[in-house]
Amino acid sequence: MGTLSGKNITKTYGKDTVLKNVNIDIETGKIYGLIGRNGAGKTTLLSILTAQNPTTEGTVTLDGQPVWENEESLSHICYSREISQVTMFGPNTLKVKDYLSTGKAFYKNWDDDYAKELVKLFNINPKKKVSKLSKGMLSAVTIIIALASKADITILDEPVAGLDVVAREQFYKLVIEEYAQTGRTFIISTHIIEEAASLFEKVIIIDNGEIILTENTEELLARAYRVSGETEAVDLAVEGFKVYHPESIGRNKVVTVLAEEPVAGFGEDVQVEPVALQNLFYAMCVDERKEA
Amino acid sequence: MIENLGEDKSIYLQISEMIEDEILRDILREEEQVPSTTELSKFYKINPATAAKGINLLVDKGILYKKRGIGMFVCEGAKDRIKEARRTSFYENYVKRIISEAKLIGIDKAELKKMIDETKEL
């Protein structure tokens, strides 16, 4: 399976521009993390990459072939979306097993035994109506469908949102297990960055409808620093670097630096610490809001 | 190998250092098999590519070697090699930190020497 590529994607709803000229390449055999604030455009991007939503401008291709209304391309992609508990006509009366059989019908690599195993693991009653499921159980069903689809490219939009800590850990281990065995490509969006950061080989940061960064997570963090100390010393040490989210307390100042390349040192007068992905994301995205 | 991962350095470096520590403490012995990339990645909830990077670093250093179709093993002489390498960075990684803290709180050379002389653990 080749690269899933979005070129110059713009999406507008009326006067609202939700995605602005986004370019993205999803390489095969990697786990991607997609992070962004609420309303940044994550779900819109994912639904466009999987042809569940048309672009206003731009194209999405898989292995060079447009994915829009392309059954062959789409059979390699699973986008397991949050299941809606209500429909236009009232409560959603479908049962869990209905969703599982839809998955079976739709995905050509669907693994039924694996699906059953996961249903047991997450303690789901397949006969239950989805309108009667708790938030956590709903999340579990979308995870089960995603994993059992065995699709080459599997996309999970905030899969852990409703899950308790035990189920979240279960989910992370399942993804690693599955990835280690099959090398499937995963794209996982999440707000719980700290927990999942080390899972992501690459991270995509989206803010205000634009992808501000797509990079190997380790390489990204290797050029990010938290520099603190006396205000003047800090200002001197980080001169010429890209600085995010400066904060002052008393005569001290702390900034987040994202250098072009790893930096050997910032001098003896300041303290330098590494930055976790969640903190880097915070520093990068909190600033832009302030300036906007 | 059950320490928590920290945020103070790259995860792959932490993985390789942890394996080195186990070898130094004789928990992992020479010619013994080390956990697989998958086992490490599941245990620490890290990307398998990261775990592999940590393992490969140790292969490059001559600490681990691969037995085809079986897994990774500790090289003969690995323990001595680790000791040698860590000795060269001991001043930079540990002594410098002690000195900087000593300076900060006003412990002078003589006092620091006395502490070291009086320790019974060394």
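This text goes with the structure placed above it.
All of these numbers come straight from a predicted model, not from anything done at the bench.

1. Details of the overall build of chain B
1) Next: Per the secondary structure count, chain B includes 5 helices and 2 strands.
2) Next: Each helix and strand of chain B, ordered N terminal to C terminal, gives the series α-α-α-β-β-α-α.
3) Next: Taken over the C-alpha trace, chain B has a radius of gyration of 18 Å; the compact-globule value for 122 residues is 14 Å, which it surpasses by more than 25%.
4) Next: Expressed along its principal axes, the backbone C-alpha trace of chain B runs to roughly 55 × 30 × 20 Å.
5) Next: Buried positions account for 23% of the 122 residues belonging to chain B.
6) Next: Across chain B, contacts joining residues at least 24 apart in sequence account for 52% of those joining residues at least 6 apart.

2. Looking at the interface of chain B and chain A
1) Next: Contacts between chain B and chain A engage 15 residues on the former and 15 residues on the latter.
2) Next: For the side of chain B that touches chain A, the elements supplying multiple residues, two or more each, are α1 (11-24), α2 (37-44) and α3 (48-60) of chain B.

3. Quick look at the sheet that holds strand β1 (residues 4-13) of chain A
Residues and elements named next belong to chain A.
1) Next: Strand order in the open sheet made by the 4 strands is β2-β1-β4-β5, with antiparallel pairing throughout. Edge strands, defined here as strands with exactly one partner in the open sheet, are β2 (16-26) and β5 (65-66).
2) Next: Pairing analysis gives 2 bridges linking strand β4 (residues 57-62) to β5, with the strands arranged antiparallel. Looking across to β5, one finds that T61 is bridged to P66.
3) Next: Contacts from helix α1 (residues 42-49) reach β1, β2 and β4, with the element oriented near 125 degrees to β1.

Calculation notes
- Along each chain, the written sequence defines residue order, and numbers are assigned to residues from 1.
- Each chain takes a letter, starting from A, and each ligand takes a number, starting from 1, following the order in which they are written.
- In keeping with the predicted nature of the model, local features appear solely for residues at pLDDT of at least 70, side-chain atom pairs appear and are counted solely at 80 or more, and the whole-chain, interface and lining totals rest on all residues.
- Each helix is a run of H or I in the DSSP string that is no shorter than four residues. Each strand is a run of E no shorter than two, and both are numbered from the N terminus.
- Computation of the radius of gyration draws on C-alpha atoms, with the globule rule given as 2.2 Å multiplied by the number of residues to the power 0.38.
- Exposed residues have 12 or fewer other C-beta atoms within 10 Å of their own C-beta, buried residues have 20 or more, and partly exposed residues fall in between, where C-beta atoms are placed from the backbone.
- Contact between two residues is assigned whenever their backbone-derived C-beta positions fall within 7 Å.
- When DSSP finds two or more bridges between a pair of strands, those strands are recorded as paired.
- Fitted lines through C-alpha atoms serve as axes, helices being fitted only where they are in contact, and the angles separating the N-to-C directions of these axes extend from 0 to 180 degrees.

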